[in-house]
Amino acid sequence: GTQPRAINAAGTIVGQSYTEEHAPSAVTWDASTGAIRDLGTLPGQWMATGMDVNASGAVVGTSGDDAFVWTEADGMTRLADYGYDAAAEKVSADGWVLGTVELAPYYAVSALWDPQGRLWDVSGMVPVEEGGWFMPTYSFDINNKHQLVLYGEGGPGTSDQSSTVLLSIPAA
């Protein structure tokens, strides 16, 4: 079976489909023709899922326990992490990628990769009151104006237990 996850304006759908060996593999397919393209997996990984696709056709997702970006020019490339699991979930038109990375096993936080694949610490980008803190634990989305919607523990105010924040980052 094939499972869709996202579609871009050109009608490219991304998701996963099972190979003949019954392993999930990241795929794209054309909404008008139904043609499916297997993007494969990262080396050493047994599965992959495409999670989002931007207007230029860049696909982001997860392969095994690693985040990836796939482009026509470079194929599937692993994104940096902290040595534990990572997932790429959203991609902007110019290649900024939003997802999660684990700081320790089973302790995931929001992550942001720039178009060059460098990993940015999102928690340090959220302005908080003196004495306050914010640990982003879930990334909702990124738009083409580089605005992120994040959920996490703490918040901009010192009395916040959890918050959803809108964060703007500068263009690369």
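Please refer to the structure placed before this passage.
Model, not experiment: these values are computed from the prediction.

## Some remarks on the overall build of the protein
From N to C terminus, the protein includes zero helices and 15 strands. In terms of overall dimensions, the protein is globule-like: its C-alpha atoms have a radius of gyration of 17 Å, near the 16 Å expected for 172 residues. With the principal axes as the frame, the protein shows a C-alpha extent of 55 × 35 × 25 Å. Across the 172 residues in the protein, those meeting the buried criterion constitute 45%. Within the protein, contacts between residues separated by at least 24 positions form 34% of all contacts whose residues are at least 6 apart in sequence. Charged side chains in the protein number 6 positive and 21 negative. The centres of these two groups are separated by 6 Å.

## Description of the sheet that holds strand β2 (residues 12-18)
On the basis of which strands lie adjacent, the open sheet formed by four strands has the order β1-β2-β3-β4 and antiparallel pairing. A strand with exactly one partner marks an edge of an open sheet, and here the two such strands are β1 (2-7) and β4 (36-40). Averaged over all adjacent pairs, the angle separating strand axes in this sheet is 30°, with direction ignored. Of the strand pairs in this sheet, β2 and strand β3 (residues 24-30) are connected by seven bridges, and their pairing is antiparallel. The residue bridging Gly15 from the neighbouring strand is Val27, located in β3.

## What about the packing of aromatic side chains?
By the definition in use, this model includes two aromatic pairs. Taking the centre distance of 6.3 Å and the plane angle of 50° together, the rings of Trp96 and Trp120 count as tilted. Highlighted residues: Trp96 in the loop between β9 (86-91) and β10 (97-104) and Trp120 in strand β12 (residues 119-120), separated in sequence by 24 residues. Seen from their ring centres, Tyr138 and Phe140 are 4.8 Å apart, and the 75° between their planes marks the pair as edge-to-face. For Phe140, a relative accessible area of 39% gives the class partly exposed.

## Overview of the sheet that holds strand β13 (residues 133-142)
Taken in spatial order, the three strands of this open sheet run β13-β14-β15, and their pairing is antiparallel. Single-partner strands in this sheet number two, and they are β13 and β15 (162-168). Mean inter-strand twist for the sheet, computed between neighbouring axes without regard to direction, equals 30°. With seven bridges joining them, strand β14 (residues 147-155) and β15 adopt antiparallel strand pairing. Bridged to Gln147 within β15 is Ser168.

## Structural notes on unusual backbone geometry
A positive phi is found at His22, a non-glycine position, where the angle reads about 70°. By the element assignment, His22 lies in the loop between β2 and β3.

Parameters and conventions
- Residues numbered from 1 in each chain as written.
- Predicted model: local features only at pLDDT ≥ 70, side-chain atom pairs only at ≥ 80, totals over all residues.
- Heavy atoms only, no water.
- Helix = DSSP H or I, 4+ residues; strand = E, 2+ residues; numbered from the N terminus.
- Rg over C-alpha atoms; globule rule 2.2 N^0.38 Å.
- Buried < 20%, exposed > 50% of the residue type's maximum accessible area, 1.4 Å probe, protein only.
- Contact = heavy atoms within 4.5 Å.
- Lys, Arg positive; Asp, Glu negative; His and termini not counted.
- Charge placed at Lys NZ, Arg CZ, Asp CG, Glu CD.
- Pairing = 2+ DSSP bridges.
- Axes fitted to C-alpha atoms, helices over the stretch in contact; angles between N-to-C directions.
- Phe/Tyr/Trp six-rings, centres within 6.5 Å; stacked < 30°, edge-to-face > 60°.

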